[in-house]
Every structure is written in C-alpha cells, then in structure tokens.
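Chain residues, written in single-letter form:
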Amino acid sequence: MDQYIEFITNHPILSLAWVGIVFLIVSGWIKSKFSAVRQINPQQLTLLINREDGQVIDMRAQKEFNNGRISGAEHLSPENAKKSDFSSLEKYKTKPIIVVCTTGMTAQGTATTMSKAGFERVYVLAGGMGAWQSASLPTTTGR
C-alpha cells in the first residue's frame, strides 16, 4: 500500500489519467448494459432477419449503399438520420430493426434516437458493413 501512495504522490498527473481511464471504461460498460440499443454480430443479425422478420436499415451514403448492401436493407440517408426523420420507417416500429453503417460507430447514435422515437427493438451491427463483409456474408448491389 505504501508503494501506491508513493507512486500517487510522485506522479499525480499519471495517477489522475489512470483514474480517468478506469472511470471511462466502467461508465461505458454500465451504459452499454442498461442501454435500450444492443450491439449484435453478423450471425445474430442473420438470425433476427430469418426468425423474427428483422429489418436492416443502412444509413451509409447512397453511393456506398448502391455499391453493396445486406439483402433486403432499406436506405436511411445520413441527412434524415441527423434530422431524426424516420417517417419512411414507421411501418417497422414493432419489428426488430438493425441499424448498419460503415464501421458501427455512427449507427449507435441513430439507433438510440430511433429507440427514443418509439421503435421497440433497435440493434446495431457491431463493426458495421466491415464486419458483415469480413464474415464473408453476401451483399447485393444496384438500386
């Protein structure tokens, strides 16, 4: 214990940095456990689509969407996502919705907003389309 006290008194900035990092990790873990939005992997996404009629919402740019998307995915433009305009998705309010972006980072905020807007079951594909393609799962192209 004396070593810890000595370290803290000799290195206060480093000690505060460690406390900050631990706080961020713990708060992020707690937030994810109590969040209404869950992250899923590509296999879980496939199960949601096949067993529970889940709907994939792809929020990448139109060009990326046309170049390759998960089969059956609906497009939500990034502009509409920023404005929280989900009027085109109202018919999916009671279905499982899986929000997909390029890396899985942008989709989290949109999914949280969708959950607050009344969508009952909202998920995010962890890793986004990169994870889907890394798992060698099929994509479709075109409009």
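Residues numbered from 1 in each chain as written. Predicted model: local features only at pLDDT ≥ 70, side-chain atom pairs only at ≥ 80, totals over all residues. Heavy atoms only, no water.

## Focus: the sheet that holds strand β5 (residues 121-125)
1) Next: Taking strand neighbours across the sheet as the criterion, the 5 strands line up as β1-β5-β4-β2-β3 in an open arrangement whose pairing is parallel. Edge positions in the sheet fall to β1 (38-40) and β3 (74-75), since each of these pairs with one other strand and no more.
2) Next: Where strand β4 (residues 96-100) lies against β5, 4 bridges are found, and the strand directions are parallel. Paired with I97 across the bridge in β5 is V122.
3) Next: Packed onto the sheet, helix α6 (residues 106-116) meets β1, β4 and β5 and runs at close to 180° relative to β5. (Pairing = 2+ DSSP bridges. Helix = DSSP H or I, 4+ residues; strand = E, 2+ residues; numbered from the N terminus. Contact = heavy atoms within 4.5 Å. Axes fitted to C-alpha atoms, helices over the stretch in contact; angles between N-to-C directions.)

## A word on the pairing of strand β2 (residues 55-58)
Working note: regular strand, side chains alternate between the two faces of the sheet.
1) Next: Burial along β2 is two-sided: the face carrying Q55 and I57 and the face carrying V56 and D58 are both buried.
2) Next: Strand direction decides the pairing type here: β2 and β4, joined by 4 bridges, are parallel. If you follow I57 over to β4, its bridge partner there is V99.
3) Next: Where β2 meets β3, 2 bridges bridge the pair, whose relative direction is parallel. Opposite I57, over in β3, you have E74 as the bridge partner.
4) Next: Taken together, β2, helix α4 (residues 62-67) and β3 form a β-α-β motif whose crossover is right-handed. (Buried < 20%, exposed > 50% of the residue type's maximum accessible area, 1.4 Å probe, protein only. Right-handed = clockwise from strand over helix to strand, strands pointing away.)

## Thoughts on the environment of H75
1) Next: Along the chain, H75 falls in strand β3.
2) Next: For the pair H75 and M59, spaced 16 residues apart in the sequence, the C-alpha separation amounts to 6.0 Å.
3) Next: There is a polar contact of 2.7 Å between the side chain of H75 and the backbone oxygen of R60.
4) Next: Separated by 3.2 Å, the side chains of H75 and Q62 make a polar contact. (Polar contact = N/O pair within 3.5 Å; in protein donor to acceptor, adjacent residues only side chain to side chain.)

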